[in-house]
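Fold and geometry: a report
Spelled out, the chains give:
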Amino acid sequence: MSAAERLRAKHEAEAAHNPTVEEVVDEEDVAHPPPSLQAAANPEPAPSVVETSKPMSEKAAGKQKAKEEPEMPSRGLHVNGSPALNMHSEEAFPALGGGPKASTPASTPMAWGVKKPSLVHSGVNGSNGNASFSSLPSSRASTPSSGMGAPVSTNISTAAQPRNLPMPHMALPGRHTERIQFAPSQLQPKDKMKKPIQDVLRSINKSSKAKVEMKLGPNGVKIFEGTGPVDAARQALKDLAKEVGSTQHVSIPIPSSVRPHIIGRQGAIIQGISKRTGARIQVPKAEENVAPDMADDDSLTIDITIEGDAVAAEMARREIEAIVNERTSTVNMRLRDIPPEFFPFIAGPRNSKISALEDGRELKIHVPHYHTWSDRPPPQQPASGMPLFVPSQHSHILISGDRLAAQEARVQLERQVEELRRRITSAQIPIDRGRHQFVLDQGGASLHDLLEETGCAVVLPPASEDTEMLTITGPLDNIEMGMDKVMNLAMSMQMSGVDVTRDIARRHANSPMGPEAHARALTRYLQQRRAVEQLERQYDARIILPTSPDGASNWEIYSRDGTKGLRARSDIMNLIGAHPPSRLRHVDVDPFFHHHVHRRGADHVRNQFGVHLVGPEVSNESPHMILVYEGPGDADTYQIPKQQPSPQEIAQFERNLHQAEEHIFRLLQGQESIGAASVEVPPKYNDKVRKFVQREQSGLAEFEIPVQVTFGAPSKALSTSEGPVAVPTLGNECSLRGPSSTVEKLAGRIAAFVEQEKHDELERGHITSFDFPQKYTNHLIGKKGENINKYREEFDVEIQVRDGKVDITGPVAKAEAARAKIIALVKRMDDEATHVLKIKPQYHKDMIGVKGSQVIQLQNKYNVRVQFPRTTLPDDDRSIADDASEAGSGRNRRPHQGLDEVIVRGPKKGADEARDELLNLLQWTIDNSHTSTVSVAQAQLPSLIGQGGREMESIRLTTGAQIDVPSSRDGAGNNGRAEIQIKGTKKQVEEAKKLLEQRASVFDSTVTRTVDVNKDYHKALIGSGGANIRNIVLEAGGSDDRRDLARTVRFPRPESDENTIRVEGQKAIVDKIITAIESFARQRNNRITDIVEVMPEKHRMLIGRGGEVRRRLESQFNIGLDIPKLSEQGLSRSQIKVSGQPADVERAITHIKELVKDRVGETVQVPRKYHHAVSDNGQFFRRVRNDHKVTVDHGGHQLPQKPGSGTRSQVNGEESMPLITDDQDSIDNHHWEIIDDEENSEEGEIPWTMHGPPEGILQARALLERAIEQAKTKQSQSVGNLVLPDPKTYRFVIGQGGSQINYIRNETGCRITVPRDQAPGSAIEIVGNKEGVEHAKDLVLDAVLNGTHGRRRS
């Protein structure tokens, strides 16, 4: 080649290589590599993937020549120059936990239990292989060892890197190099390989764009390097690992609670892991019957098995552990291996040791209280050695919180338990059962004192155990001290007893039931009536009743106060005396009917006869029912008597008890005779037969009695208040007892059922398989398997769902029925539609409604499921429907549902309509979700709410807004103010806010002042009907509202001796009111009373019509006017008292004298016989007074006798009344009498003196003279007195609005007067000429007759 050609080649080479920034190693990266590039300090060579290519730009990729040696490891496997796979990368494979990175793993036990990781197979993956992956650095100290050699990255700084490899330098673009190395134990034996390694390499190099070469490393390690494009090099090494690598079987323990998250919805996650890594992953089935308290226990583990080559298995393990790490940052662990006897010593006195262990940690440790054994009694001290304490199946210590902190706490607790096993022993002491409660006082303070003082604990037997033994646990040296302390606690009480049987035998020797039966019945009644509990509470005592029904009937009373114990004993004796045998009655009824009688007759005999029916006991086989007379009244408020009944009461007892007994016998009339039958049922069918009988008898009518069923040897059936109880025993007999015909039929159906089960047993192995859409698997299985279990229970078959198929194992007919129902489910799901609505979480609560009411209504209306996100909702507002599957039966938190997503799922039509309605509801909620707050003083809340909430409800109705007022429990802020929440439309919120702010402003400006006023002045200050104080408030600018007025000025109660008046309101108004009240008080202090003489006949001039003149004078002169009553006699009759300020009194007296002074009047002599005709029953006097201001008096002369008044006494007397034998309602019983005016005319004259203005007197005199002339010119008048038998009929004479009486007056020209009081015997007066009077009388009778008949017809 010439020089020119060589120069051109050089230029072309330089042009082809354009170095970029990405290709140059940063000095900072070399000096401070990231954690993912840190080397593993492994003294032995481990199989690893070596990545030698540096990431480069796309432009430089594919233009570089291959290098023989790697430059530096990369951090992942990505295409186009992205980082290659690094098995140690924290970014690519996050480990469990966090914190500082250790160079070697800690030996701390796993956070989810002590179960060690195990290998499925031994051999090349056994303990004799090279270094395991657990020796590599990890941030998670508790990462379980996989027990296998794993491919790892080789780092430039690691000592394990082959020494002959050069330091990293720039890699050539397009020549990406990756390395994987295997230990001899990780390669397949040569005899098992399909072809030699060299042939495998040639085959891979031939079919791949990458080139793979093999090199030998130290200790027999084989290193394979792949060079070429990223994807090609990676895939070539994976293919090589499959060909030459041995199959790895790895078992990874994980918390069972993380299982659903490993599987994913419909297996999506685990299938993705398997597809990406090429490993086969097996997850065990979830346990269906997991106790509720163990569902979230992270100490329960399951083993996930991974099968594949070294690379695939390690990648799969990394991904699984990343998921575990994400889900178990906090854990819940139950320590099941700790005996409950150690709990007090672990917790310490008053939980001091646990509090110290929790201090400074994100940790919560719950140690159950253990002072009474339940499963088994504590072990006794053996002859030699220490007692063997056994863990409980139900009581465990719970640790929850940060994973690492929980792990450390567990280690400490287990270390403490080991120490307790070596130190703690036990001893037993007998103490009376009645004294046990005093060892365990209220709150358990004595137990803490015992542990603190002696270092010992005490364990009591449960109430159900008939034993007196208490167990003391503690260090051997302290046991004696603990026993002494317990005995001192127990003996601090006093005991007294009552022998009920002996007392009954002494009082009621002739008891028909016998003293023992009566004592048992009375004890049982008082227990059910809770009389014993009431006595215990009343006297702070403990009463121990006999436990054996046939044993002694002694009642033991324990009390710290001997006096209270004696009083309790006295009350018990009174109870016995108040319930003699005559008050209780035994009724013989077959035990089979006890529950039936109690269910149908207890309420009736209590309400009708006052008899209480004592409920049946669980173990009651006695044929007696107990009746107790209590008397009428509410059973819930009945007070048990303590006095001996009288003979009359005893007779009442017996009479009502007899009636109740007859009613019970009537309930049993018509019942069939009790029959019994037995059917041979193999024990394995007992549960199925029991369920079959329940289904058969589920539809019985209320009056029908179910048959009692027992299994095993025939025995007496038991009854309880809950109904018949089936008691399973050994044997092949199924015993039936009940109504004869029902028993016979049911026995036949049971026999047929058993035969069918035997026949089905022959077909139990039959399997019916069919395809099932995998997307509906969750719906078929249901939440925690409830749907599939329901199908299994309903059709009595086994159903398994796997890989898009359903296998039904069981009899052909039942399997086909189950298959038909499952296929129907598929058809229904095919029509299902799902809508995801984006709704902001702030509207969720309002849309859900109270306790989910609106969601439930939608679901029922459209047959859909509406699912709101769970994370934002309280438990009561969550959707009642829930997704669950076998894969997600653990913690279903709906992780794939966004916080703003609402899912509607159901039949397409219903889902569409539900979606539309939800959107409408959302719009309504948005429109009505405007909110605001108003700050008010806490003290103003009662007045804002008002009595019974009326004020606040008025504001709500006025504005239409929703107003939430904080309760008193919420309290006020530091500034003493509370926030009122307003919600509604924009207009509603604005209006409500305006009203509340106005009231708040008024209240905030409100002040309270007090003023002392002599209590004697309070009545005057208030005034008549509150008029005075109301005027003061109104003049000050206050409200006229009655309630506001009462709040503004508050006087002390009348019975109080206080003088202080409280005034509340705005400052300006309060100041004015206080000023007015003080002025009033000063005036009252300066007040005088003067007397003015006024003739009694002139008093009316000072009173006026309705007191009008008097009120005007008091208001005008600011005085008080006291006018004597008509009943007063003597000098005081004419003395009028004037009270007020001196100047006001003087002016008022002057004005009064001016009013009543005698003015010159004019006297006219009127003939006495015309006096009544002229006065016209006082009409003339009223006319001249009102029209002309003229008053008329007669100078003290006696008035003439009114015409007809001489005989009125007889008319209105008894002689004029109809006889008692007459028809009282007959109009014919009226009395009529007419008197001529000439018969009663008087001779002489009577003066009429007129006083008033001169012009008024002239006009009045003219009227008087004209009236006298009219009286003279008139014909002689007659007076008729008409007495009706029924005064109520007088209203018919008047008519509506006076229409009838005016008609009669106009028609006859007579003056007619109807008495106002309408008392019996009062007469209607008719004045006129004789013919007119008679005619008027007839018209009056006609009016009464017409009115009476009309009333009767109506």
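Going by the structure above, here's the rest.
Attention here is on the structure that accompanies the text. (Residues numbered from 1 in each chain as written. Predicted model: local features only at pLDDT ≥ 70, side-chain atom pairs only at ≥ 80, totals over all residues. Heavy atoms only, no water.)

Okay, the overall build of the protein chain next. On a plain count of helices and strands, the protein chain comes out with 44 helices and 46 strands. Scored against the burial criterion, the 1354 residues of the protein chain give a buried share of 44%. Summarising the internal contacts of the protein chain: among those between residues at least 6 apart in sequence, 75% fall at separations of at least 24. Accessible surface computed for the protein chain: about 72400 Å², of which carbon and sulfur atoms make up 49%. (Helix = DSSP H or I, 4+ residues; strand = E, 2+ residues; numbered from the N terminus. Buried < 20%, exposed > 50% of the residue type's maximum accessible area, 1.4 Å probe, protein only. Contact = heavy atoms within 4.5 Å. Areas by Shrake-Rupley, 256 points an atom, 1.4 Å probe, with all protein chains shown as cover.)

Inspection of the secondary structure puts T473 in strand β13 (residues 469-475). For the pair T473 and S426, spaced 47 residues apart in the sequence, the C-alpha separation amounts to 4.3 Å. Residues contacting T473, with those up to four places away along its chain left out, are E341, F345, F389, I424, T425, S426, C456, A457 and I479.

With that settled, consider unusual backbone geometry. Non-glycine residue N351 carries a positive phi angle of around 60 degrees. Summarising the element assignment, N351 is placed in the loop between α8 (343-347) and α9 (352-358). A residue is classified by how much of its surface remains accessible, and N351, at 32% relative accessible area, is partly exposed.

This part is about the packing of aromatic side chains. What the rule picks out here adds up to 8 aromatic pairs. Aromatic ring contacts, followed pair by pair, group F1180, F1181 and W1248 into a single cluster. A cation sits over an aromatic face here: R606 above Y638, 5.9 Å from the ring centre. Here R819 stacks its cationic end above the ring of F770, 5.5 Å away from the centre of that ring. (Phe/Tyr/Trp six-rings, centres within 6.5 Å; stacked < 30°, edge-to-face > 60°. Lys NZ or Arg CZ within 6 Å of the ring centre and 35° of its normal.)

Another point: a positive patch on the surface. Taken together, R1100, R1105, R1182, R1185 and R1316 make up a surface patch of like positive charges. Relative to the assigned elements, R1316 resides in the loop between β45 (1311-1313) and β46 (1324-1328). (Patch = residues over 30% accessible without salt bridge, like charges linked within 9 Å, V, L, I, M, F, W, Y side chains within 5 Å. Salt bridge = Lys/Arg side-chain N within 4 Å of Asp/Glu carboxyl O. Lys, Arg positive; Asp, Glu negative; His and termini not counted. Charge placed at Lys NZ, Arg CZ, Asp CG, Glu CD.)

In this structure, strand β31 (residues 930-937) lies alongside strand β33 (residues 977-984), joined through 8 bridges in antiparallel fashion. Its bridge partner lying in β33, S935 is registered against E979. (Pairing = 2+ DSSP bridges.)

Now for a negative patch on the surface. A cluster of acidic side chains, namely D432, E465, D466 and E468, defines a negative patch on the protein surface. In this fold, D432 is placed in the loop between β11 (424-430) and α11 (436-439). Given the relative accessible area of 35%, D432 is considered partly exposed.

This part covers the sheet that holds strand β43 (residues 1245-1251). Reading across the sheet, the 3 strands line up as β40-β43-β41 and stay open at both edges, with antiparallel pairing between neighbours. The open sheet is flanked by β40 (1162-1167) and β41 (1191-1193), the only strands paired with a single partner. The sheet shows a mean angle of 30 degrees between the axes of neighbouring strands, direction not considered. Where β41 and β43 come together, 3 bridges link them in antiparallel fashion. By the bridge assignment, D1193 is partnered in β43 with T1249. (Axes fitted to C-alpha atoms, helices over the stretch in contact; angles between N-to-C directions.)

Turning to the sheet that holds strand β38 (residues 1120-1122), a few remarks are in order. Sheet strands line up and pair through hydrogen bonds in the backbone, either parallel or antiparallel. An order of β37-β39-β38 is seen for the 3 strands of this open sheet, with the pairing classed as antiparallel. Looking at the sheet topology across the chains shown, the edges are occupied by β37 (1088-1093) and β38. Adjacent strand axes in the sheet meet at a mean angle of 25 degrees when their direction is disregarded. Sheet topology places β38 next to strand β39 (residues 1135-1140); 3 bridges connect them, and they run antiparallel. Each residue of the ladder has a partner; that of D1122, found in β39, is K1137.

The next thing to look at is the packing of helix α16 (residues 531-539) against helix α17 (residues 562-578). Packing of α16 against α17 leaves a shortest axis separation of 10 Å and a crossing angle of 155 degrees. It follows from the interaxial angle that α16 and α17 lie roughly antiparallel. Remark: the crossing between α16 and α17 carries right-handed chirality. Contacts between α16 and α17 involve L535, Q538 and Y539 from the former and K564, R567, A568, D571, I572 and L575 from the latter. Looking at the contact of α16 with α17 residue by residue, the classes come out as 5 nonpolar, 1 polar and 3 charged. (Parallel < 35°, antiparallel > 145°, perpendicular 65-115°, else oblique. Left-handed = near helix turned anticlockwise from the far one by under 90°. Nonpolar A, V, L, I, M, F, W, Y, C, P; charged D, E, K, R; others polar.)

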